[in-house]
Amino acid sequence: MTTPTITTLAPLLDRLFDQAEAADGAMQAAVVDLSETDRTRMMRSKTDYRELYARLKDVPLAVSRETGQLLYMLTRCSRAKAIVEFGTSFGISTLHLAAGLRDNGGGRLITSEFEPAKAARARANLSTGGLIDLVEIREGDALRTLSTDLPDQIDLVLLDGAKALYPDILDLVEDRLRPGAIIVADNADFSPDYLARVRNPGSGYMSTPFAEDIELSVRIN
């Protein structure tokens, strides 16, 4: 029996998750001068998020271990071949998604990252994990990098970048989502416009909160 890719990645993922957890203090220090109101405003703004993410450019804004496992399972059970990710950071979520693609027999993962240094770290981690051949990392503003050359049919989307841009990113990919396509939105509570859209009964989606900080949606037509 072939060993699943996610199993062979376990030592790398454990190391990366440990590094992310150890960086919690650095994340707090980067925003210590901001009030909770200011942080929320930056998270929900379509312009001020740039200042917030610039402060966090050296911090691995990683998904949780449980969310990583969920991403791998959703990739496998949907038999995904084409995935789009908004927000690469150091590539922990990307590794889970790409491992699912590998165990599905291959595919294409397009991911976008605003910070060049983070894109470089993600590229190195994917190379270490032996998955870089499945992944295209596009550096820069996702509203530009994800506006062209997407797969004709997308099976799964992960939204984990600037929360205020979730509706705009959905606009870019929506026409290419196949019926049954899955959208995973991390920290979607910071994007009320996105939640209102995917939870609208006439939107073409079925959507529900999943776990503590995930909105899980499926394209139903």
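Below, the structure is looked at part by part.

The rules behind these values
In this convention, every chain numbers its residues from 1, walking through the sequence in written order. Where local features are concerned, this predicted model is filtered to residues with pLDDT of at least 70; where side-chain atom pairs are given and counted, the filter is 80 or more; whole-chain, interface and lining totals use all residues. With hydrogens and water stripped out, all remaining heavy atoms of the structure feed into the side-chain values. The criterion for strand pairing is that DSSP finds at least two bridges linking the strands in question. We count a stretch as a helix when DSSP gives it H or I for four or more residues in a row; a strand needs E for two or more, and each element gets its number in order from the N terminus. Axes, fitted as lines to C-alpha atoms, cover a helix only where it is in contact. Angles between the N-to-C directions of the axes lie from 0 to 180 degrees. Should any heavy atoms of two residues lie within 4.5 Å, those residues are considered in contact. The classification of residues rests on relative accessible area computed with a 1.4 Å probe and restricted to protein chains. Under 20% of the type maximum is buried, over 50% is exposed, and intermediate values are partly exposed. Only Phe, Tyr and Trp rings take part, Trp by its six-membered ring, and two of them pair if their centres are within 6.5 Å. Stacked means planes under 30 degrees apart, edge-to-face means over 60, and tilted covers everything else. Here roughly perpendicular refers to angles of 65 to 115 degrees, roughly parallel to angles under 35, roughly antiparallel to angles over 145, and oblique to all remaining angles. Two helices crossing with the near one rotated counterclockwise from the far one by less than a right angle form a left-handed crossing, whereas a clockwise rotation gives a right-handed crossing. Each residue gets one label: Ala, Val, Leu, Ile, Met, Phe, Trp, Tyr, Cys and Pro are nonpolar, Asp, Glu, Lys and Arg are charged, and the others, such as Gly, are polar. A cavity here means a set of points on a 1 Å grid, drawn over the protein atoms and nothing else, where a 1.4 Å probe fits but cannot get out; a pocket is an open set with protein on both sides within 12 Å along at least five of seven lines, and a residue lines either one if it has an atom within 4 Å of a point. Grid points are joined across faces, edges and corners, and a volume is the space filled by probe spheres set on the points.

## A closer look at the sheet that holds strand β4 (residues 154–159)
Strands sit in the order β3-β2-β1-β4-β5-β7-β6 across an open sheet of 7 strands; the sheet is mixed. For this open sheet the edge positions go to β3 (135–139) and β6 (205–210), each flanked by a neighbour on one side alone. Along the sheet, successive strands turn relative to each other by an average axial angle of 15 degrees, direction set aside. Relative to strand β7 (residues 214–219), strand β5 (residues 177–186) runs antiparallel, the two sharing 5 bridges. Bridge pairing in β7 places V184 opposite L216. Packing against the sheet, helix α7 (residues 92–103) makes contact with β1 (82–86), β2 (108–113), β3 and β4, and its axis sits at approximately 170 degrees to β2.

## With respect to the environment of Y49
Tracing the sequence through the fold places Y49 in helix α5 (residues 49–55). Using a relative accessible area of 7% as the deciding quantity, one classes Y49 as buried. If we skip the residues at most four places from it in the chain, Y49 touches M42, A162 and L165.

## Thoughts on the packing of aromatic side chains
Scanning all chains against the criterion turns up 2 aromatic pairs. Ring centres of Y166 and Y194 lie 5.7 Å apart, and the angle between their planes is 80 degrees; on these two criteria the pair is classed as edge-to-face. Taken together, the residues Y166 in helix α10 (residues 166–173) and Y194 in helix α11 (residues 192–199) connect sequence positions 28 residues apart. A residue is classified by how much of its surface remains accessible, and Y194, at 0% relative accessible area, is buried. Among the aromatic residues, those joined into a ring-pair cluster are F86, Y166 and Y194.

## Points about the packing of helix α6 (residues 65–77) against α7
It is at 8 Å that the axes of α6 and α7 come closest, and there the two elements cross at 25 degrees. By the angle between their axes, α6 is roughly parallel relative to α7. For α6 against α7, the interelement crossing comes out right-handed. Every residue of α7 that contacts α6 at G68, Q69, L71, Y72, T75 and R76 is listed here: S93, H96, L97, A99, G100, L101 and D103. Of the residues contributing to the contact of α6 with α7, the split by class is 5 nonpolar, 6 polar and 2 charged.

## Re empty space enclosed by the protein
The tally for this structure, following the rule as stated, stands at 1 cavity of 30 Å³ or more. Here the largest cavity is characterised by a volume of approximately 60 Å³. Around the largest cavity sit P60, L61, A62, V63, G87, T88, S89, F90, G91, I92, S93 and D160, which together line it. Partitioning the lining of the largest cavity into residue classes produces 6 nonpolar, 5 polar and 1 charged.

## Description of the layout of surface pockets
As a volume, the largest pocket reaches approximately 970 Å³. Lining the largest pocket are 43 residues, with M43, Y53, L56, L61 and N187 positioned closest to its centre. Of all the secondary-structure elements, those providing two or more residues to the lining of the largest pocket are α2 (10–22), α3 (24–30), α4 (36–44), α5 and β2. The greatest single-element share of the lining of the largest pocket, amounting to 4 residues, is contributed by α4. Considering only residue class, the lining of the largest pocket consists of 20 nonpolar, 11 polar and 12 charged. Computed from the structure, the second largest pocket encloses a volume of approximately 150 Å³. In this structure, the second largest pocket is lined by S64, E66, T67, Q69, L70, M73, F210, A211, E212, D213 and I214.

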